[in-house]
Each structure stands twice: as structure tokens, then as C-alpha cells.
There are 2 protein chains.
Amino acid sequence: MADQPHTTDCRHDHVAHSHELRSEEVIDAAASMASAMGDPGRLRLLELLFDGRHCVSELAEETGDSMSAISQRLKILHNARLVTRNRDGKHVYYALADDHVRNIIQQLFIHSAE
Amino acid sequence: MADQPHTTDCRHDHVAHSHELRSEEVIDAAASMASAMGDPGRLRLLELLFDGRHCVSELAEETGDSMSAISQRLKILHNARLVTRNRDGKHVYYALADDHVRNIIQQLFIHSAE
DNA sequence: TCCTCAATTCAACGTTCTCTAAAATGATTA
DNA sequence: TAATCATTTTAGAGAACGTTGAATTGAGGA
């Protein structure tokens, strides 16, 4: 609500924007989703979930990281709605939330490998 | 190279992975790309670039943030190969790197708005 | 050359992140 | 119920992040 730190004395002409701008809520949600994918340890987990659900101990075994670390990473991914969580007996299984998430991650990988 | 903090005593069977895993380099590149998009201030800049190139002072004016802050955000986006940089006289113009980046951001917004 | 505008860099500061290690919770089996 | 396995939570330490404000660089015009 305070005045903004507007340090520009720019005198040259700027063209107005021709497209709709997203609301702050959408920007924040999208940023927090991207942020959740923005860590190598978490992105590796998402990749491991590409072939279906996996439980925490399995993911810990495959990555060589502690269960505590894996669990905390999964919690962040779950809060960002990127994975689902299901308890089955002693184990808790995580899986990719939907095909939309799948697509975003896949595109990210394709663009990065170029 | 040291031994891994492997705290699992898991006795139940795990199924082997049926898909190719990405190299650490690809994972790191993809994570740093996602991480660069994972901040509201930076994502807002990417959105503002959707209708074409803009210079730093223009983006500062539109967002109400300082040029220093904008410039540092753009540097991160540029390092992540999300935007291109071109000097034109006194001004430096930034633009989205390519349609691939466009798609990723668009999908991110669509999924977030749901 | 000197001055001005545009942009970048630097240093400092407070905030946020991510890990480890230990304690706590949930669920199954003896 | 007690014991055990799987997972989560908590607290704390160290690293990484993002901003502000000042100094610096780069380019153009007087």
C-alpha cells in the first residue's frame, strides 16, 4: 500500500500492452508450482514417478537420500498439487497429479536437453 | 563420492523402473529453468514479454519496481535461457527465448488457474 | 570532452530454503 | 498390548535467495 520504489526517469515512449495480464493470484500460484519443480532433488522425484506410483522408502532407496529428506520434498510437491498421496497399509504412495503436470515436466526436460 | 545417507531398512519388494532416467545435467538444467520461473516477480516479467520485446526501464515502469531489481531478475531469466538480450542504442531489450518457453509458461498458467 | 540517461554490478542485510538428527505418529503384526 | 516398520514432524545449522541503495559501466548527445 506504500508508494512504490519507482526509480525510472525514462523519457522515451513505451507501447501499451496488447494482451490480458493475469491476476496476482494466478501469478503467485503458477510461481509456487514452478518453484516446487525448481529443485534437482524434487525434479528427480517427479521423474521417478513417471512410470506410476512409488512409496517413500522406494524413492529413498533409488535416490540414496534419507527418508526424511524424501518425505519433506514430497510434502512440498504435494502442497503444490503436483503429486497425489495415498496410504496403502504401512506404505504411503505418491504419484503424479495428472497429465497436465506430466506435460509441463516433459516440456521442461525437452527444452533443457536441447 | 562419500557413502550415501541411506537410512532405509525396507524389506518389501520394489519394482524396477521401466523408463529411461535423465542425466544429472538435464535434471539440473531443467530445475534451474523451473527455479527461474518460480518467483512471482520474475514470472510477471515473463508474462509482460508475451507481446514482444521490452526494455528494462519500461518493465520497471510497468511493475513499479526499481530498475536494479528488474535488471537482476532479467539476468537470472537470461542465465536460465528463458529470455534473449539485445542492446539497441541506449536501451537493452529483452524477449522470450522461443515458442517452447512460451508454451511452458502458458501451460503453467492454465494449470494454475484451474 | 563532458554530461546525461539507461542499465548493470556490488555489498549488506534479512528472509527463506534444505539438509541432518532426533523425536513423534500411524499402522500392522506378534 | 508390545514391538516393529514406514513415514512424518520438529528443531537447528548453514547455504542460497532477493531486495535496497550506492557505485559503476556503456552509449549517445551537447
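Presented here is a report on the structure given in the accompanying data block.

About the cut-offs
Residues numbered from 1 in each chain as written. Chains lettered and ligands numbered in written order. Predicted model: local features only at pLDDT ≥ 70, side-chain atom pairs only at ≥ 80, totals over all residues. Heavy atoms only, no water. Least-squares fit on C-alpha atoms with pLDDT ≥ 70 in both. Contact = heavy atoms within 4.5 Å. Salt bridge = Lys/Arg side-chain N within 4 Å of Asp/Glu carboxyl O. Helix = DSSP H or I, 4+ residues; strand = E, 2+ residues; numbered from the N terminus. Buried < 20%, exposed > 50% of the residue type's maximum accessible area, 1.4 Å probe, protein only. Near = heavy atom within 4 Å. Polar contact = N/O pair within 3.5 Å; in protein donor to acceptor, adjacent residues only side chain to side chain. Nonpolar A, V, L, I, M, F, W, Y, C, P; charged D, E, K, R; others polar. 1 Å grid on protein atoms, 1.4 Å probe; cavity = no way out; pocket = protein on both sides within 12 Å on 5 of 7 lines; lining within 4 Å. Points joined across faces, edges and corners; volume = space filled by probe spheres on them.

### Notes on the relation of the copies chain B and chain A
Part 1 of the argument: Each copy superposes on the other: chain B lies on chain A with an RMSD of 0.3 Å after a rotation of 180° and an axial shift of 0.0 Å. Given the turn and translation reported, the copies of this chain are related as if by a two-fold rotation axis.
Part 2 of the argument: When the interface residues of chain B are mapped onto chain A, 98% of them again lie at the interface, so the same face is used by both copies.

### Considering the pattern of salt bridges
Part 1 of the argument: According to the stated counting rule, one finds eight salt bridges over all chains in the structure shown.
Part 2 of the argument: For A:Glu47, the salt bridge identified is with B:Arg22, shortest N-O distance 3.9 Å. One end of the pair, A:Glu47, is in helix H2 (residues 40–48); the other, B:Arg22, is in the segment before helix H1 (24–37), on a second chain.
Part 3 of the argument: Under the relative-accessibility criterion, B:Arg22 is labelled partly exposed at 24%.
Part 4 of the argument: Residue A:Arg53 pairs with A:Asp88 through a salt bridge whose shortest N-O separation is 3.3 Å. Pair noted here: A:Arg53 is in the loop between H2 and strand S1 (54–55) and A:Asp88 is in strand S2 (residues 83–88), with a separation of 35 residues, a long-range link.
Part 5 of the argument: The class for A:Arg53 is partly exposed, based on a relative accessible area of 47%.
Part 6 of the argument: Connected via shared salt-bridge partners are A:Arg22, B:Arg44 and B:Glu47.

### Here we look at the protein's contact with DNA strand D
Part 1 of the argument: Close to DNA strand D lie 26 residues, the nearest being A:Met67, A:Ser71, A:Arg85, A:Tyr94 and B:Arg73.
Part 2 of the argument: Within 4 Å of the protein, atoms of DNA strand D come from sugar and phosphate in 73% of cases.
Part 3 of the argument: Within the contact set of DNA strand D, a phosphate oxygen lies 2.7 Å away from a backbone nitrogen or oxygen of A:Ser57.
Part 4 of the argument: A:Ser68 has a polar side-chain atom sitting 2.9 Å from a base oxygen of DNA strand D.
Part 5 of the argument: Taken together, the elements giving at least two residues each to the surface near DNA strand D come down to helix H3 (56–63), helix H4 (67–79) and strand S3 (91–96) of chain A together with helix H4 (67–79) of chain B.
Part 6 of the argument: Here the element with the most residues in the surface near DNA strand D is H4(A); it accounts for five residues.
Part 7 of the argument: For the surface near DNA strand D, the per-class residue count stands at eight nonpolar, nine polar and nine charged.

### Concerning the layout of surface pockets
Part 1 of the argument: Each pocket or cavity is described by its volume, and for the largest pocket that value is around 230 Å³.
Part 2 of the argument: In terms of lining, the largest pocket is formed by A:Pro40, A:Gly41, A:Arg44, A:Leu48, A:Glu62, A:Thr63, A:Asp65, A:Arg73, B:Leu21, B:Glu24, B:Ile27 and B:Asp28.
Part 3 of the argument: Counting residues per element, the ones that place at least two in the lining of the largest pocket are H2 and H3 of chain A together with H1 of chain B.
Part 4 of the argument: Sorting elements by how many residues they give to the lining of the largest pocket places H2(A) first, with four residues.
Part 5 of the argument: Broken down by class, the residue content of the lining of the largest pocket amounts to four nonpolar, two polar and six charged.

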